[in-house]
Amino acid sequence: MGTITLVEEQNSIWRLLITPASHGAWNMSVDEAILESVGAGDAPPTLRLYAWQPACLSLGYGQRVRDADLDGLSSHGWDIVRRPTGGRAILHVDELTYAVIAHGEHPLVRGDILTSYERISKGLLAALERLAVPAVGDSHYDRPAEGASPGPVCFEVPANWEITVDGKKLIGSAQVRRKNGVLQHGTLPLHGDLGRITRALAFPDSSARVEAQDRLNARATTVERALGRRVDWDLAVQAFAQGFSTALGLNLSRGPLTDEERLRAEALCAEKYGNEAWTMRR
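Residue indices follow the written sequence of each chain, beginning from 1 at its first position. Whole-chain, interface and lining totals are the exception, using all residues; otherwise, since this is a predicted model, local features are given only for residues with pLDDT of at least 70 and side-chain atom pairs are given and counted only at 80 or more. As a convention, hydrogens and water are excluded, and side-chain values are obtained from all of the structure's heavy atoms.

Trainee: Give me the sheet that holds strand β4 (residues 79-82): which residues, what numbers.
Mentor: A pair of strands is treated as paired once DSSP finds two or more bridges between them. In this description a helix means any DSSP run of H or I spanning at least four residues, a strand means any run of E spanning at least two, and both kinds are numbered starting from the N terminus. Pairing in this open sheet of three strands is mixed, and the strands run β4-β3-β5 from one edge to the other. Pairing within the sheet leaves two strands with one partner each, and these edge strands are β4 and β5 (90-92). Strand after strand, the sheet turns through a mean of 25° between neighbouring axes, direction not considered. Two elements, strand β3 (residues 56-59) and β5, share three bridges in a ladder whose sense is antiparallel. Between N-to-C directions, angles cover 0 to 180 degrees, with each direction set by a line fitted to C-alpha atoms, over the stretch in contact for helices.

Now the structure itself:
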């Protein structure tokens, strides 16, 4: 698939939203506030690039909260949040997170989930190419055997159209679809020990934790491990903006949250993502 022709939105401008590092509940609240705004036609389609402070364990929408080690999180000063998207746990630290948010009829996300994953993967691969990361996107990953537990960690196994380097998962993504809008967000680990997530997850004993850490480090990677050198966050942001623009034909224009989006994010943070009733509900 080549550059997408944006038919009815051919000359539209995408908002490029680069936000400072924030806590997990705020980050998820902003993504959902934008999704509502874009779906209602009150804001343009948006590429958001952001980071997390402090480190935060995010659980998938339907993931069991008992997968998390709440005492371990507290001892490290790490947050916990539940995403609006599915999938498994991610420890957000030393990374660039992206969010693509568009109306459901936009050509980039229209159709089924895998088709939109494939389209968006072109932008991700173009961004990584600008960083000289030899990444690929594939659609032939095996699902876990029927009845097998997939495990609590997102980066342990790649899914179709997720991004790998030498067979190791590099970018993990997840998507949610609402009546009029689509949100896909994902994470690019820039550096650091991916096995740190095991300190935030519950295991029956220490040997199981060590095995999980070894397995994760064998199956996933970071930009630093792929290149043998560190890439800073600002350079990764620049590569993502350029990669999405060129590969997907997006006309990106830097812009802020609207006042309405900020107010809605504040409400979502108080009522939902910062509320234990949401985070601990399973």
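What follows picks up the thread again.
Trainee: Report on the side chain of Ser 22, specifying residues and quantitative values.
Mentor: Along the chain, Ser 22 falls in the loop between β1 (14-18) and α1 (24-39). By the criterion applied in these results, polar contacts are pairs of N or O atoms within 3.5 Å in which, for protein atoms, one can donate a hydrogen and the other can accept it, and in which residues neighboring in sequence qualify only through two side-chain atoms. Among the polar contacts listed, one links the side chain of Ser 22 to the backbone oxygen of Pro 20, at a separation of 3.1 Å.

Trainee: Any chance you could break down the side chain of Thr 222 for me, citing the residues and the numbers?
Mentor: Inspection of the secondary structure puts Thr 222 in the loop between α4 (206-219) and α5 (223-227). Only 3.1 Å separates the side chain of Thr 222 from the backbone nitrogen of Arg 225, close enough to count as a polar contact. Should any heavy atoms of two residues lie within 4.5 Å, those residues are considered in contact. Not counting residues up to four positions away in its chain, the partners in contact with Thr 222 are Leu 170, Pro 189, Leu 190, His 191, Gly 192 and Leu 194.

Trainee: How would you summarise the packing of helix α3 (residues 113-130) against helix α6 (residues 233-248) if you had to cite specific residues and measurements?
Mentor: Relative orientation of the contacting elements α3 and α6 amounts to 130°, with a least axis distance of 7 Å. Looking at the two axes, α3 sits oblique to α6. Where α3 crosses over α6, the handedness of that crossing is right-handed. Residues Arg 119, Ile 120, Lys 122, Gly 123, Leu 124, Ala 126, Ala 127 and Arg 130 of α3 lie in contact with α6, whose contacting residues are Ala 239, Phe 240, Gln 242, Gly 243, Phe 244, Thr 246, Ala 247 and Leu 248. Here the contact of α3 with α6 is built from residues that sort into nine nonpolar, four polar and three charged. Each angle is binned into one of four classes, with values under 35 degrees roughly parallel, values over 145 roughly antiparallel, values of 65 to 115 roughly perpendicular, and all other values oblique. Two helices crossing with the near one rotated counterclockwise from the far one by less than a right angle form a left-handed crossing, whereas a clockwise rotation gives a right-handed crossing. Amino acids are sorted into nonpolar (Ala, Val, Leu, Ile, Met, Phe, Trp, Tyr, Cys and Pro), charged (Asp, Glu, Lys and Arg) and polar (every other residue, Gly among them).

Trainee: Describe the sheet that holds strand β8 (residues 163-165), and please don't skip the residues or the numbers.
Mentor: Pairing within the open sheet is mixed, and its eight strands lie in the order β7-β8-β9-β10-β6-β2-β1-β11. The outermost strands of the open sheet, each flanked by one partner alone, are β7 (136-137) and β11 (252-254). Two strands pair when backbone bridges link them, and strand β2 (residues 46-50) and strand β6 (residues 95-103) are joined in this way by five bridges, in the antiparallel orientation. The residue bridging Thr 46 from the neighbouring strand is Ile 101, located in β6.

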